[in-house]
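Descriptive structure summary
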Protein chains: 2
Amino acid sequence: MKIILVYDVNEKRVSKVLKFLRKFLVWVQNSVFEGQLTYSELERLKVSLKKLINEKEDSVVIFSFSESIDLKKQIIGIDKSEDERTI
Amino acid sequence: MKIILVYDVNEKRVSKVLKFLRKFLVWVQNSVFEGQLTYSELERLKVSLKKLINEKEDSVVIFSFSESIDLKKQIIGIDKSEDERTI
């Protein structure tokens, strides 16, 4: 699956979430990650992420779709993403 | 087309960008919009957005894909999106 993950997390927890997500996905820009995960990898990510955030305060949105689809990515301004190996 | 738009824009320009994007898309959370646009609507959005941001400082990433695809959206924690009429 292709994944686009966005998060809106309290300052106190951002660095832990950032460090964790970097193990699975590629940083796109502030609060945004993308990448490819298997179903079980995504499930593991969600379980661990729930332990890092406060579900009453923070918000994580995960968009997922099949690898086969034609996903277009357009950038206006600076490309802040870290890695060419993205979607 | 389905659209996921994320932006990382200088504080000075954020409110103008936010106000503008609300005319086209639905706010998901901080710096993230989603929705459906025709090809020409997206082109118009991009032209206007370029006038609002500073392309040397700011970054806007637009993920677009066909409406027909099965896009899954999962939320961990709070659902901050404003509107049920999303993807």
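About the cut-offs
- Residues numbered from 1 in each chain as written.
- Chains lettered and ligands numbered in written order.
- Predicted model: local features only at pLDDT ≥ 70, side-chain atom pairs only at ≥ 80, totals over all residues.
- Heavy atoms only, no water.
- Pairing = 2+ DSSP bridges.
- Helix = DSSP H or I, 4+ residues; strand = E, 2+ residues; numbered from the N terminus.
- Axes fitted to C-alpha atoms, helices over the stretch in contact; angles between N-to-C directions.
- Contact = heavy atoms within 4.5 Å.
- Buried < 20%, exposed > 50% of the residue type's maximum accessible area, 1.4 Å probe, protein only.
- Arc of directions from axis to C-beta.
- Least-squares fit on C-alpha atoms with pLDDT ≥ 70 in both.
- Expected span 1.5 Å × (residues − 1).
- UniProt positions renumbered as here; feature names shortened; annotations may be inferred.

Take the sheet that holds strand β3 (residues 32–36) of chain B next. Taking strand neighbours across the sheet as the criterion, the 5 strands line up as β5(A)-β4(B)-β1(B)-β3(B)-β2(B) in an open arrangement whose pairing is antiparallel. Two strands in the sheet have a free side with no partner beyond their single neighbour: β5 (72–77) of chain A together with β2 (26–29) of chain B. In this sheet, adjacent strand axes meet at a mean angle of 25° when their direction is disregarded. The sheet contacts of helix α1 (residues 11–21) of chain B involve β1 (2–8), β2 and β3 of chain B, and relative to β1 of chain B the element is tilted by about 170°. Of the strands in this sheet, β5 of chain A together with β1, β3 and β4 (59–65) of chain B touch helix α2 (residues 39–52) of chain B, which is tilted by about 20° from β5 of chain A.

Below, the discussion takes up the environment of L18 of chain A. All names here are of chain A. Mapping L18 onto the fold places it in helix α1 (residues 11–22). On a C-alpha basis, the gap between L18 and N30 in space is 9.7 Å, while along the polypeptide they are 12 residues apart. Those residues in contact with L18, other than ones at most four positions away along the chain, are Y7, W27 and F33.

Turning to α1 of chain B, a few remarks are in order. Residues and elements named next belong to chain B. All of the buried residues along α1 are R13, V17, F20 and L21. Projected down its long axis, α1 shows its buried positions confined to an angular sector of 85°, all on one face. Exposed positions of α1 whose direction lies more than 90 degrees from the buried face are E11, S15 and K19. Its buried side turned inward, α1 meets β1, β3 and α2.

Turning to the relation of the copies chain B and chain A, a few remarks are in order. Of the two same-sequence chains, chain B is brought onto chain A (RMSD 0.0 Å, axial shift 0.0 Å) by a rotation of 180°. One copy is carried onto the other by what is essentially a two-fold rotation axis. Closest to the rotation axis within chain B is the C-alpha of I69 of chain B, separated from it by 3.6 Å. With an isologous cut-off of 70% or more, the 100% of interface residues of chain B that recur at the interface of chain A puts this contact in the isologous class.

This part covers α2 of chain B. Residue and element names in this part refer to chain B. Taking 1.5 Å of rise per residue, 14 residues should cover 20 Å, and α2 covers 20 Å from first to last C-alpha, within 8% of that figure. Taken as a whole, α2 has its buried residues at L42, L45, K46 and L49. In a view along the axis of α2, the buried residues occupy a sector of 100°, so they form one face of it. Those residues of α2 that are exposed and angled more than 90 degrees off the buried face are R44 and K51.

Attention now goes to the UniProt feature "binding site: Mg(2+)" (unreviewed entry) in chain A. As recorded in UniProt, the feature "binding site: Mg(2+)" (unreviewed entry) lies at D8 of chain A. Setting aside its immediate chain neighbours within four residues, D8 of chain A contacts D58 and S59 of chain A together with Q29, N30 and K80 of chain B.

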